Amino acid sequence: MKIDAVTIFPEYFAPLSLSLIGKAQESGLLEVAIHDLRSFTSDNHHSVDDTPYGGGAGMVMKPEIWGQALDPLMKPETDLIILTPAGRRFNQKMAHTLSQSEHLVFACGRYEGIDARVGQHYAAQGFRVHEVSIGDYVLGGGEVASLVMIEAITRLLPGVLGNPDSLIEESHVEEGFLEYPNYTKPAIWRDLSVPDILLSGNHGAIATWRGEQAQRRAQEQS
Ligand code: 6GU
């Protein structure tokens, strides 16, 4: 998979060189390129935003700059992801769908967002365009949201996870079941014991108990 991200804060993406995503790049499973939006400006002030038509607070990111930045990245196989709190809510199902893509481009908006015609334009050109939010709260920009999506998507790529069995177990998350509580050694820590059933060696009973626990958690959180 190839990932391009366009941002006015390229430094936000430094963590992509760490952990599983860093290793996936070293092994060639994943290629990531970060592009500085300001490098596509042609005015002396390198301005990327302007006041909104119709008035109101805040600034809107200018469409011409985004066009300059995105045109060279867009290919027939590209999925363009525009980060906006008004977008469709990101979830595990979307992560699976996007993990099938050959090429993701993340457009990180700041201020009050990117001029609405940018998404409109690329959709009209026949590209797959997704306006996505990661939840019901407002971030300062799309950079952190992109990192969240990139982590959720790339760990689904074949070969990225150390133990692919993790993916099979967590498929329950997508079916509306949350995970059961986990324990490791020691068996007693600060007067708290691990539930006896987990030490029983009875795999059938353990599976049943975990199912009940997961359901209880799901109920508590709904
Ligand atoms: Cl994608 N962007 C911003 N600015 N805020 C958000 C978001 C995105 N998703 C949730 N909140």
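Residues numbered from 1 in each chain as written. Predicted model: local features only at pLDDT ≥ 70, side-chain atom pairs only at ≥ 80, totals over all residues. Heavy atoms only, no water.

Details of the packing of helix α3 (residues 92-99) against helix α5 (residues 142-154)
Interaxial distance between α3 and α5 falls to 8 Å at its minimum, and their mutual angle equals 70°. Between α3 and α5, the angle is such that the two are roughly perpendicular. α3 and α5 meet at a crossing whose hand is right-handed. Of the residues in α5, those touching α3 at Ala95, Leu98 and Ser99 are Met149, Ala152 and Ile153. Considering only residue class, the contact of α3 with α5 consists of 5 nonpolar, 1 polar and no charged. (Axes fitted to C-alpha atoms, helices over the stretch in contact; angles between N-to-C directions. Helix = DSSP H or I, 4+ residues; strand = E, 2+ residues; numbered from the N terminus. Parallel < 35°, antiparallel > 145°, perpendicular 65-115°, else oblique. Left-handed = near helix turned anticlockwise from the far one by under 90°. Contact = heavy atoms within 4.5 Å. Nonpolar A, V, L, I, M, F, W, Y, C, P; charged D, E, K, R; others polar.)

Quick notes on the site of the ligand
Taken together, Leu83, Thr84, Pro85, Val132, Ser133, Ile134, Gly135, Tyr137, Val138, Leu139, Gly141 and Ala145 make up all the residues around the ligand. A distance of 3.0 Å is found between a nitrogen atom of the ligand and a backbone nitrogen or oxygen belonging to Ile134. One of the backbone N or O atoms of Tyr137 is found 2.5 Å from a nitrogen atom in the ligand. A total of 290 Å² of accessible area belongs to the ligand in isolation, and the protein chains cover 96% of it. Broken down by secondary-structure element, the contributors of at least two residues to the shell around the ligand are β5 (78-89) and β7 (128-133). Per-element tally for the shell around the ligand: the top contributor is β5, with 3 residues. Tallied by class, the residues present in the shell around the ligand amount to 8 nonpolar, 4 polar and no charged. (Near = heavy atom within 4 Å. Polar contact = N/O pair within 3.5 Å; in protein donor to acceptor, adjacent residues only side chain to side chain. Areas by Shrake-Rupley, 256 points an atom, 1.4 Å probe, with all protein chains shown as cover.)

Things to note about the sheet that holds strand β2 (residues 31-36)
Taken together, the 5 strands give an open sheet; going across it, the order is β2-β1-β6-β5-β7, and neighbouring strands pair in parallel fashion. Since the sheet does not close on itself, it has two edges, and those belong to β2 and β7, each with one partner. Across this sheet, the average inter-strand angle for adjacent strands is 25°, counted without regard to direction. Note: strand β1 (residues 2-7) against β2, 6 bridges, orientation parallel. The partner of Asp4 across the bridge, within β2, is Ala33. Along the sheet face, α3 touches β5, β6 (103-108) and β7 and points at about 165° away from the line of β5. (Pairing = 2+ DSSP bridges.)

Structural notes on the side chain of Asp49
Examined against the element boundaries, Asp49 turns out to sit in strand β3 (residues 49-50). Lacking a salt bridge, the buried Asp49 has Arg38 as its closest oppositely charged neighbour, with an N-O distance of 5.9 Å. Not counting residues within four places of it along the chain, the set of residues in contact with Asp49 comprises Met59, Val60, Met61, Lys62 and Tyr111. (Buried < 20%, exposed > 50% of the residue type's maximum accessible area, 1.4 Å probe, protein only. Lys, Arg positive; Asp, Glu negative; His and termini not counted. Salt bridge = Lys/Arg side-chain N within 4 Å of Asp/Glu carboxyl O.)

Examining helix α2 (residues 63-70)
For α2, the complete set of buried residues consists of Ile65, Trp66, Gly67, Ala69 and Leu70. Contact partners of the buried residues in α2: β1, β4 (60-61), β5, β6 and α4 (117-124).

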